[in-house]
Amino acid sequence: MDRLSSAAEFQAKEDAFEKQSTKRESSLEPAGSPPSLKISARWNPAEACRPLIDEAPVFYPSPEEFEDTLAYIEKLRPKAESYGICRIVPPASWRPPCPLKEKNIWESSKFSTRIQQIDLLQNREPFKKAAKSRKRKRRRHSRMGISKRRKVSGCEAASSSEVDEKFGFQTGPDFTLDEFQKYDDYFKECYFQIGDHPCDSSSSENKKWRPSVEDIEGEYWRIVEQATDEVEVYYGADLETLNFGSGFPKRSSGSTESDSDQYTRSGWNLNNLSRLPGSVLCFENCDISGVVIPWLYVGMCFSTFCWHVEDHHLYSLNYLHSGDPKVWYGIPGDHASSLENAMKKHLPDLFDEQPDLLHELVTQLSPSILKEEGVPVYRAVQHSGEFILTFPRAYHSGFNCGFNFAEAVNVAPVDWLVHGQNAVELYSKQRRKSSLSHDKLLLGAAQEAVQSLRELSVSRKKDPKILRWKRVCGEDGLLTKAVKKRVLMEEERLNRLENSFRLLKMEGDFDSKGERECFLCFYDLHLAASSCNCCPDRYACLAHAKDLCSCESSERFVLLRHTMDELHSLIKALEGDLDAAKALVDNATSCPKDSSKAPEPEHSNPHLGAEGLQTDIGTNKPVGHEDNNKKAVVDVNLGRNSKLEEKKIMVESQKEDTHPNAERSGLPKIDGSGSLANGSKKDQNTTSESLCRSVELVKAGSLVVKKLWCTKQAIYPRGFKSRVKFLSVLDPTKVTYYISEILDAGLLGPLFRVSVEEFPSENFSNISAEKCWAMVIQRLRLEILKRCNQPPGSLTPLQAVNGLEMFGLLSPHIIQAVEALDPNHQLEEYWNHKSAKLFGVDLAKEGEKNTEGGTAMGAAPDPSLDRDTRLLRGLLKKATPEELILMHGLLCGETRSTELREELSSLVDQMEKGP
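Please read these numbers as outputs of a predicted model, since none were measured by experiment.

Engineer: How should helix 7 (residues 213-226) be read in this particular structure?
Structural biologist: Owing to its 3.6 residues per turn, the α-helix aligns residues three or four sequence positions apart on the same side. Across its 14 residues, helix 7 extends 20 Å between first and last C-alpha, which sits within 8% of the 20 Å expected from 1.5 Å per residue. Most of helix 7 is tucked away: eleven of the 14 residues are buried. Considered for burial, the residues of helix 7 that qualify are Val 213, Asp 215, Ile 216, Glu 217, Gly 218, Glu 219, Tyr 220, Trp 221, Arg 222, Ile 223 and Val 224. Backbone geometry just downstream of helix 7 places Ala 227 in the positive-phi region, at approximately 55°.

Engineer: What is the right way to look at unusual backbone geometry in this model?
Structural biologist: One can expect most non-glycine residues to show negative phi and most peptide bonds to be in trans. Positive phi, normally seen in glycine, also occurs at Asp 238, with a value near 55°. You will see that Leu 708, though not glycine, has its phi angle at about 85°, which is positive. Relative to the helices and strands, Leu 708 resides in the loop between strand 22 (696-699) and strand 23 (721-727).

Engineer: Help me out: how do you make sense of the sheet that holds strand 14 (residues 404-411) in this one?
Structural biologist: Read across the sheet, nine strands follow the order 2-3-12-9-14-7-6-4-5 without closing on themselves; strand pairing throughout is mixed. The sheet is open, and its two edges are formed by strand 2 (58-59) and strand 5 (170-171), each paired on a single side. Across the sheet, helix 2 (residues 69-80) touches strand 2, strand 3 (85-88), strand 9 (315-323), strand 12 (387-390) and strand 14, and the angle it forms with strand 3 is around 130°. Where helix 6 (residues 177-191) meets the sheet, its contacts fall on strand 6 (232-240) and strand 7 (295-299), and the angle it forms with strand 6 comes to roughly 155°.

Engineer: Is there a simple way to explain the packing of helix 15 (residues 438-459) against helix 16 (residues 464-471) in this structure?
Structural biologist: For any two helices packed against each other, the geometry comes down to the angle between their axes and how far apart the axes lie. Interaxial distance between helix 15 and helix 16 falls to 9 Å at its minimum, and their mutual angle equals 115°. Where helix 15 crosses over helix 16, the two elements pack in a sense that is left-handed. Note on element contacts: helix 16 touches helix 15 through Lys 465, Ile 466, Trp 469 and Lys 470, opposite Ala 445, Glu 448, Ala 449, Ser 452, Leu 453, Glu 455 and Leu 456. The residue inventory of the contact of helix 15 with helix 16, partitioned by class, reads six nonpolar, one polar and four charged.

Engineer: Before we go on, may I ask you to explain the nonpolar core in this structure?
Structural biologist: A general trend in soluble globular proteins is that nonpolar side chains are found buried together. In this structure, Leu 76, Val 280, Phe 387, Leu 389, Leu 479 and Val 483 are the most contacted members of the largest nonpolar core, which totals 73 residues. Here the element with the most residues in this core is helix 15; it accounts for eight residues. Not counting residues within four places of it along the chain, the set of residues in contact with Leu 76 comprises Phe 59, Cys 86, Ile 88, Leu 389 and Phe 391. Judged by nonpolar contacts, the second largest core, of 70 residues, contains Ile 53, Phe 180, Tyr 220 and Leu 365.

Engineer: Sorry if this is basic, but what is going on with the pairing of strand 14 here?
Structural biologist: Regular strands place their side chains on alternate faces of the sheet. Counted residue by residue, strand 14 has eight buried out of eight residues, so it is predominantly covered. Burial along strand 14 is two-sided: the face carrying Asn 404, Ala 406, Ala 408 and Asn 410 and the face carrying Phe 405, Glu 407, Val 409 and Val 411 are both buried. Pairing geometry for strand 7 and strand 14, over five bridges, is antiparallel. Among the inter-strand pairings, Leu 296 is bridged to a residue of strand 14, identified as Glu 407. Of the pairings in the sheet, the one linking strand 9 to strand 14 comprises eight bridges and is antiparallel in character. When the sheet's bridge partners are listed, Tyr 319 is paired in strand 14 with Glu 407.

Engineer: What am I meant to see in the side chain of Asp 439 here?
Structural biologist: With respect to the element layout, Asp 439 can be found in helix 15. For Asp 439, the contacting residues outside a window of four places in its chain are Gln 421, Arg 486, His 526 and Leu 527.

Engineer: Is there a simple way to explain the pairing of strand 8 (residues 304-308) in this structure?
Structural biologist: Within strand 8, five of the five residues are buried, which leaves the element mostly enclosed by the surrounding structure. Judged from the three bridges that link them, strand 8 and strand 13 (residues 396-400) form a sheet pairing that is antiparallel. Across the sheet, the residue bridging to Phe 305 is Gly 398, located in strand 13.

Engineer: Explain the environment of Tyr 395 to me, please; I cannot follow it from the model alone.
Structural biologist: Structurally, Tyr 395 can be placed in the loop between strand 12 and strand 13. Using a relative accessible area of 5% as the deciding quantity, one classes Tyr 395 as buried. Considering only alpha carbons, one finds Tyr 395 and Ile 85, 310 residues apart in sequence, at a separation of 9.0 Å. Apart from the residues within four sequence positions on either side, Tyr 395 is in contact with Trp 307, His 308, Val 309, Tyr 329, Gly 330, Ile 331, Ala 336, Leu 339, Glu 340 and Leu 358.

Engineer: I would appreciate a short explanation of the environment of Lys 429 in the present structure.
Structural biologist: Along the chain, Lys 429 turns up in helix 14 (residues 417-430). Lys 429 sits in the exposed class, given a relative accessible area of 72%. Each C-alpha atom, one on Lys 429 and one on Cys 521, is 7.0 Å from the other, the two residues being 92 residues apart in sequence.

Engineer: Just to check I follow, could you spell out the packing of aromatic side chains for this structure?
Structural biologist: Two aromatic rings are characterised by how far apart their centres lie and by the angle between their planes. This structure, assessed with the given rule, holds 45 aromatic pairs. Relative to Phe 807, the ring of Phe 752 has its centre 5.4 Å away and its plane inclined at 90°; by these criteria the two rings are edge-to-face. One end of the pair, Phe 752, is in strand 25 (residues 750-756); the other, Phe 807, is in helix 23 (residues 803-807), and 55 residues separate them in sequence. One exposure class covers both Phe 752 and Phe 807, and it is buried. An aromatic cluster of at least three residues, connected via ring pairs, comprises Trp 43, Phe 187, Tyr 191, Phe 192, Trp 209, Tyr 220, Trp 221, Phe 302, Tyr 329 and Phe 399. Directly above the ring of Phe 510 sits Arg 516, whose terminal nitrogen or CZ lies 4.9 Å from the centroid. Positioned above the aromatic ring of Phe 519, the side-chain terminus of Arg 538 is 4.8 Å from the ring centre.

Cut-offs used in this document
Residues numbered from 1 in each chain as written. Predicted model: local features only at pLDDT ≥ 70, side-chain atom pairs only at ≥ 80, totals over all residues. Heavy atoms only, no water. Helix = DSSP H or I, 4+ residues; strand = E, 2+ residues; numbered from the N terminus. Expected span 1.5 Å × (residues − 1). Buried < 20%, exposed > 50% of the residue type's maximum accessible area, 1.4 Å probe, protein only. Pairing = 2+ DSSP bridges. Contact = heavy atoms within 4.5 Å. Axes fitted to C-alpha atoms, helices over the stretch in contact; angles between N-to-C directions. Left-handed = near helix turned anticlockwise from the far one by under 90°. Nonpolar A, V, L, I, M, F, W, Y, C, P; charged D, E, K, R; others polar. Core = buried A, V, L, I, M, F, W, Y, C linked by side-chain atoms within 4.5 Å. Phe/Tyr/Trp six-rings, centres within 6.5 Å; stacked < 30°, edge-to-face > 60°. Lys NZ or Arg CZ within 6 Å of the ring centre and 35° of its normal.

See the structure below:
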């Protein structure tokens, strides 16, 4: 190791560097930011404290294995989960471009930082004691001490005195990436006394010596454990990628295909990871920052991420875009309690003062100490272009060896569900707020799986997405077990309430406009919620229903999203009961019924031991019950209890709704009937015709000469595929392409499927083309209403579209291509109906005209028709249906010959000469 030959020479160099950078550094600091940090501490290699621990496993997926992200994570889980973390090195060919390196971002975009006191991460006194005995300047509370993942009204309402009495990271200056890299170079040059290599002094290159990862690691833990020097660094942590930008390429609206598209669509692009098919985070509607939307981390030497687990014990995936290595330490998930106990043992005063200290991410403890306490700790060094995967409830921490920038997000494969359930139960005991609704994800995954099982039984098509769901179902499937466990838990809690609470059906949008949580433990109330007439705006979970108030039980009620019978039917469907699966899918895909009238009260359900509930799964209707011979419903559309007064939902079907939110968001207007307000009926018809003409034929498919493969209106070729533009179900303010397909469902005939082209996982299937597109319209309606903040129960579905028209089966150019598949007219039902409209004439209507005094056969001919058409029309009007079919074959079939045409021409001449 080479150092500067003299302290005077180094000091001179440091002074020169500081003079050059003083102006730049002062410009970095916004008003009120802390002063520039003077780098006074120096490297002491003789006292290095590098921990000696085992390495976490490293995986090198092949290009084929790397194609399916979740499948690969599932494959390596049995080998890596017992380590808590692992490193994944992508194939050499996988090198995504990084937009953050573009000059306009690199040199101009600013990000905020935090000041971290490395020497106080482990060795610090409790705040109250330190305030009396130490003369350090009192620091402001940092944002790191507050969870940013879910901002809920009232969750940050701590008093200023409480905030000040927490150790945290002070807000630092803003930097650009270019400025931060230069600052890190300056810091490392000062701290490690980096100079020119003596052996290369005469060389033209003059390479600088750099400390190794092991050098930096030993010095980092010396600072943390011995705390003899004050070392402060900056860290750009938890940066919103929606604001600053992502290190992965994104597809912008209107962009064309390019070489970067493979990275834009890749499952390893962290912007796509959390909502890949097979991740239950797909069923989370909100873009939760840091969970669903990635966070960016810009580090410098010694900047630290302290011991923590992911929210809800989720998996996390971190990608190092560029820069110096990042050193990680991981604890297996089943040893999480061991780490917590070890930290409480060695830092008792800090935990006495702040029991939730580990939630704040501001405390380190050396892996050497943890190892002595019997806690297994593993190490991984992440280099540029590599991933680090952390497993459920696996504590992890680490630090950066220099300037770098990384990106991270959560993911939730189905095997996470059991860990997620444990997390929400733990949060309830700790009275800690949750970041997402576990029950919403669980039910969403279960319903998606049931639909996939149903589709598999109908089509027999081995689609990878369907097979992925099939693998987690069955009696011993991971998903089935997770649902069973949750239903049993809910049933036990419901039984503890006995028969004293009235049971009512929960509105479908009960928690659509914001989370509903228990007033006492913050448990999520997506599945069930208890309330009382005395406090209509407050709810409790089933475990704390009796603690809500002191009213008589008869005044209280429980809102249930699903009855126990419905939940047990869901379990049966997951176990493989096809009848149960069919019933659930049919119920879920049916259009909502008219809710303008309050429903009649149900009969008592002995299984529930209280007033009965409607059992339609997915129904959004309020449920009435009898109370003192008066009909009543509970209105929870806006989070209010109607106090059991008579209520009706009124719909003004003719009045246009000019909702201001719709105006601002660019969403289509919805009239009072729930239809798109596209102007007059004429305009709507024009729009429909335009859509019909815009349908693009992708593949004509092949003919199937069987029953159900045609109707009077259309032929349904197997493998048919078309493309059409329509409002996006994911973002109704935009228009996107939909792919319409006809698949083979075996004995059930054709299966129609519509999918969003950019997101094939968003698809709708049915044995009817009409119902298939009706499902699209229903989903679109719900998305529009959600964005407009209007209660879905008060509006009827959007104006329907013609399913055959949207498939393109009524478009002339597609009809021509499809009819060409059946030159011999084997599909008789279609062609028999077609023959009745030769030359555009509906013979039934023409017959009515003739018998009612319309144009007679002997009347003057229409001068606008040519001779042949005029004479043939007269002939066809006299023909029987059988003769018409024969004539159609002679005129249009491929079997026609020159001789037949000559005979027809001769016949026409004779008819013209006759009387």
